[in-house]
Amino acid sequence: MEFLHDLWSFLRIRKKFWLLPLILVLLVFGVLIVLTSGSAIAPFIYTIF
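Every chain is numbered independently, its residues counted from 1 as its sequence is written. Only residues with pLDDT of at least 70 get local features here, since the model is predicted, and only at 80 or more are side-chain atom pairs given and counted; chain-wide, interface and lining totals rely on the full set of residues. The side-chain figures draw on all heavy atoms in the structure; neither hydrogens nor water molecules are used.

1. Looking at the overall build of the protein
Looking only at helices and strands, one finds three helices and zero strands in the protein. Each helix is a run of H or I in the DSSP string that is no shorter than four residues. Each strand is a run of E no shorter than two, and both are numbered from the N terminus. Reading the secondary structure of the protein in the N-to-C direction produces α-α-α. Each residue is placed in one exposure class: buried if its accessible area under a 1.4 Å probe, protein chains only, is under 20% of its type's maximum, exposed if it is over 50%, and partly exposed if it falls in between. Put simply, the protein has 49 residues, and 12% of those count as buried. To measure how exposed things are, a 1.4 Å probe is used in the Shrake-Rupley method; for residues, cover is taken only from the protein chains shown. Working note: accessible area of the protein is about 4,300 Å², and carbon and sulfur atoms make up 77% of it.

2. Thoughts on the packing of aromatic side chains
Each aromatic pair joins two rings of Phe, Tyr and Trp (for Trp, the six-membered one) with centres within 6.5 Å, and gets the label stacked for planes under 30 degrees apart, edge-to-face for over 60, and tilted for any other angle. A complete count under the given rule lists one aromatic pair for this structure. Judged by centre distance (5.9 Å) and plane angle (50 degrees), the rings of W8 and F17 are tilted. Residue class for F17 comes out partly exposed when judged on its relative accessible area of 41%.

3. Some remarks on helix α1 (residues 2-13)
Multiply 1.5 Å by the residue count of a helix minus one, and that product is the helix's expected span. Between its terminal C-alpha atoms α1 stretches 16 Å, which fits the 16 Å expected from 12 residues at 1.5 Å a residue. Downstream of α1 by a residue or two, K15 has a phi angle that is positive, lying close to 55 degrees.

4. Considering the confidence of the model for the protein
You can read pLDDT as the predictor saying how much it trusts each residue, on a scale of 0 to 100. Scored by pLDDT, the protein has a mean of 83; 86% of the residues are at 70 or more. The secondary-structure element of the protein with the lowest mean pLDDT is helix α3 (residues 42-46), recorded at 69, while α1 shows the highest, at 90.

5. Topic: a nonpolar patch on the surface
Exposure above 30% relative accessible area and the lack of any salt bridge qualify a residue for a patch; like charges then connect within 9 Å, and the nonpolar side chains Val, Leu, Ile, Met, Phe, Trp and Tyr within 5 Å. Counted as salt bridges are all cases of a side-chain nitrogen of Lys or Arg within 4 Å of a carboxyl oxygen of Asp or Glu. There is a patch of nonpolar side chains on the surface, built from W8, F17, L20, L24, L27, V31, V34 and L35 and spanning about 790 Å² of accessible area. Take the nonpolar patch: its biggest share by element is six residues, from helix α2 (residues 19-36). Tracing the backbone shows L27 in helix α2. A relative accessible area of 53% places L27 in the exposed class.

Quick look at the structure:
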């Protein structure tokens, strides 16, 4: 939780709000890969990349 607070402080203080969508997209892709790695839809997800 402290990491998220530090990250938000960095973005707010240094006015780097353009990094927030990039971080969110990378997080979504990471969660998608982890959750579908053992399922039957994994081959369909990997064709996107």
